[in-house]
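Coordinates in review
The residues making up each chain are set out below.
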Amino acid sequence: MSRPVSVSTVVSVDTLPMTLETREQDGSQMDALDPSVDIARVMIVDDHALIRDSLQSWLDRRPDIQVVASVATVREAVAALAYWDLQGVLVDHALSDGSGMDVLRAMAAVGCGASFVVLTGNADPVLIQEYVAAGASGFLTKGISGKRIADYVRDSADGLRAFDEAATEGLVAAVSMP
């Protein structure tokens, strides 16, 4: 069995080089090369490397998802939006140089129609409502499993809504507020 291979693509924004990590699927994922399989190209945006690596590991287990960019900042995400034709974006709310909302606004500004799923530990009802109003197709909390995150990301890339139980309860609470 072959081992996963890491590849880096350098993209420059305002003369600041940024590295976007991509990975080739390992031998167990060879079905992904079948032209009949619809592969969703996904970007992960989280300022913690451990979270990015864990999410990528879970997403890479699905032959119908290819993580093409894994970045830490809003700035890197904006560069990746210009570089990749994405079907899905999985973003942490709190980033070191802004928020997931900044990434969502940048997507709208460049006409990126990829699904947008927030992954955060904060299931604040008002926050969920703000993301939904801004166009997010999903909101997940970090209390769910990696497999469920991967399933939600794929569902979202297919045009479905992706809300876990905590986010759904938060959204119901937000619309029920006086």
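Rules used in this analysis
Residues numbered from 1 in each chain as written. Predicted model: local features only at pLDDT ≥ 70, side-chain atom pairs only at ≥ 80, totals over all residues. Heavy atoms only, no water. Core = buried A, V, L, I, M, F, W, Y, C linked by side-chain atoms within 4.5 Å. Buried < 20%, exposed > 50% of the residue type's maximum accessible area, 1.4 Å probe, protein only. Helix = DSSP H or I, 4+ residues; strand = E, 2+ residues; numbered from the N terminus. Contact = heavy atoms within 4.5 Å. Pairing = 2+ DSSP bridges. Axes fitted to C-alpha atoms, helices over the stretch in contact; angles between N-to-C directions. Salt bridge = Lys/Arg side-chain N within 4 Å of Asp/Glu carboxyl O.

Describing the nonpolar core
Nonpolar side chains in soluble globular proteins tend to end up buried together. One finds Met43, Val89, Val103, Phe116 and Tyr131 to be the most contacted residues of the largest nonpolar core, which totals 29 residues. Only β3 (40-45), β4 (65-71), α2 (74-83), β5 (88-92), α3 (100-110), β8 (115-120) and α4 (125-134) provide two or more residues apiece to this core. The contact partners of Val89, leaving out residues within four places of it in the chain, are Met43, Val45, Val103, Met107, Ala114, Ser115, Phe116 and Val117.

Re the environment of Trp58
One can find Trp58 in helix α1 (residues 49-60). With a relative accessible area of 30%, Trp58 lands in the partly exposed category. With 92 residues separating them in the primary sequence, Trp58 and Ala150 have C-alpha atoms 6.3 Å apart.

Description of the pairing of β5
A large share of β5 lies buried, amounting to five of its five residues. Side-chain alternation along β5 places Gly88, Leu90 and Asp92 on one buried face and Val89 and Val91 on a second face that is also buried. Note: β3 against β5, four bridges, orientation parallel. Looking at the pairing, Met43 lines up with Val89 of β5. Here β5 runs beside β8; their pairing, made up of five bridges, is parallel. From the neighbouring strand, Val91 faces β8, where its bridge partner is Val118.

Structural notes on the sheet that holds β3
Pairing is parallel in the open sheet, where six strands are placed in the order β4-β3-β5-β8-β9-β10. Each edge of the open sheet is held by one strand with a lone partner, namely β4 and β10 (162-163). Here α1 sits on the sheet and contacts β3, β4, β5 and β8; the angle it forms with β4, its principal contact strand, is near 170 degrees. Strand contacts of α2: β3 and β4, with the helix running at about 165 degrees to β3, the strand carrying the most contacts.

A few points about the pattern of salt bridges
Inspection of every chain in the model, using the stated rule, returns eleven salt bridges. In this structure, Arg62 and Asp151 form a salt bridge, with 2.7 Å as the shortest nitrogen-oxygen distance. Taken together, the residues Arg62 in the loop between α1 and β4 and Asp151 in helix α5 (residues 146-157) connect sequence positions 89 residues apart. Here Asp151 falls in the partly exposed class, since its relative accessible area comes to 23%. Where Arg154 meets Asp64, a salt bridge forms, and the shortest distance between an N and an O atom there is 3.8 Å. Of the two residues, Arg154 is situated in helix α5 and Asp64 in the loop between α1 and β4; the sequence distance between them amounts to 90 residues.

Keep in mind these values describe shape, not function.
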